[in-house]
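Each chain, letter by letter, is given below.
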Amino acid sequence: MEQFKYEPIDLEGPGFRLVRLCGGSDIDIRCELFEALLYPPEVVMEYEALSYTWGGAEKPDNINISGSIMKVTQNLYLALRHLRQPDEDRIL
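Computed from a predicted model, the values in this text were never measured in an experiment.

Asker: Describe the overall build of the protein, and please don't skip the residues or the numbers.
Answerer: Within the protein, the secondary structure is distributed over one helix and five strands. Starting at the N terminus and walking to the C terminus, you meet the elements of the protein as β-β-β-β-α-β. By principal-axis analysis of the C-alpha atoms, the protein measures approximately 40 × 30 × 25 Å. Relative to its full complement of 92 residues, the protein shows a buried share of 30%. Counted over contacts in the protein with a minimum sequence separation of 6, partners at least 24 positions apart contribute 52%. As displayed, the protein has an accessible area near 6,700 Å², and 52% of this comes from carbon and sulfur atoms. Averaging the coordinates of the 9 positive side-chain charges in the protein and doing the same for the 16 negative ones gives two points 6 Å apart.

Below, the structure is given as structure tokens:
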């Protein structure tokens, strides 16, 4: 599987990125990165926020994000495992 390649987002546009943390109970973390829009305002996208810039800079763990491998810190990996629900996805 190939390494995740970051694609810049248009910072002038109405979009922002969210991650769908896919449900599961094994040690592998699977996510899908997608863009949500601030407009139209009548469309409500519910999500939860997670700060992931804390802890060390070393990235010893991997997650599967949108079909690619992304190296992540151990703190983020453990947080995602803790937040993941066994039978339903979670939007972060």
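Asker: Hey, could you go over the nonpolar core for me, with residue numbers and the actual values?
Answerer: In terms of nonpolar packing, the biggest core is built from twelve residues, these being Val-19, Leu-21, Ile-29, Cys-31, Ile-63, Ile-65, Val-72, Leu-76, Tyr-77, Leu-80, Leu-83 and Leu-92. Elements with a minimum of two residues in this core: strand 1 (15-21), strand 3 (61-65) and helix 1 (74-83). Sort the elements by how many residues they give to this core and helix 1 lands first, with four residues. Once residues within four sequence positions are removed from consideration, Val-72 is found in contact with Glu-58, Lys-59, Pro-60, Asp-61, Ile-63 and Tyr-77.

Asker: Tell me about the packing of aromatic side chains, and name the residues and values.
Answerer: On inspection of all chains with the given rule, the structure shows one aromatic pair. Relative to Tyr-47, the ring of Phe-16 lies with its centre 5.7 Å away and its plane at 55°, an arrangement referred to as tilted. Note that Phe-16 is positioned in strand 1 and Tyr-47 in the loop between strand 2 (30-37) and strand 3, a separation of 31 residues in sequence.

Asker: Residues and numbers for the pairing of strand 3, please.
Answerer: Extensive coverage of strand 3 is indicated by the burial of four of its five residues. With two bridges joining them, strand 2 and strand 3 adopt parallel strand pairing. Across the sheet, Arg-30 pairs through a bridge with Asn-64, a residue of strand 3. Looking at chain direction, strand 3 and strand 4 (residues 68-72) are connected through five bridges and run antiparallel. Directly across from Ile-63, in strand 4, lies its bridge partner Met-70. The hairpin turn running from strand 3 into strand 4, its antiparallel successor, is two residues long, and Ser-66 in that turn takes a positive phi close to 55°.

So, how was this worked out
- Residues numbered from 1 in each chain as written.
- Predicted model: local features only at pLDDT ≥ 70, side-chain atom pairs only at ≥ 80, totals over all residues.
- Heavy atoms only, no water.
- Helix = DSSP H or I, 4+ residues; strand = E, 2+ residues; numbered from the N terminus.
- Buried < 20%, exposed > 50% of the residue type's maximum accessible area, 1.4 Å probe, protein only.
- Contact = heavy atoms within 4.5 Å.
- Areas by Shrake-Rupley, 256 points an atom, 1.4 Å probe, with all protein chains shown as cover.
- Lys, Arg positive; Asp, Glu negative; His and termini not counted.
- Charge placed at Lys NZ, Arg CZ, Asp CG, Glu CD.
- Core = buried A, V, L, I, M, F, W, Y, C linked by side-chain atoms within 4.5 Å.
- Phe/Tyr/Trp six-rings, centres within 6.5 Å; stacked < 30°, edge-to-face > 60°.
- Pairing = 2+ DSSP bridges.

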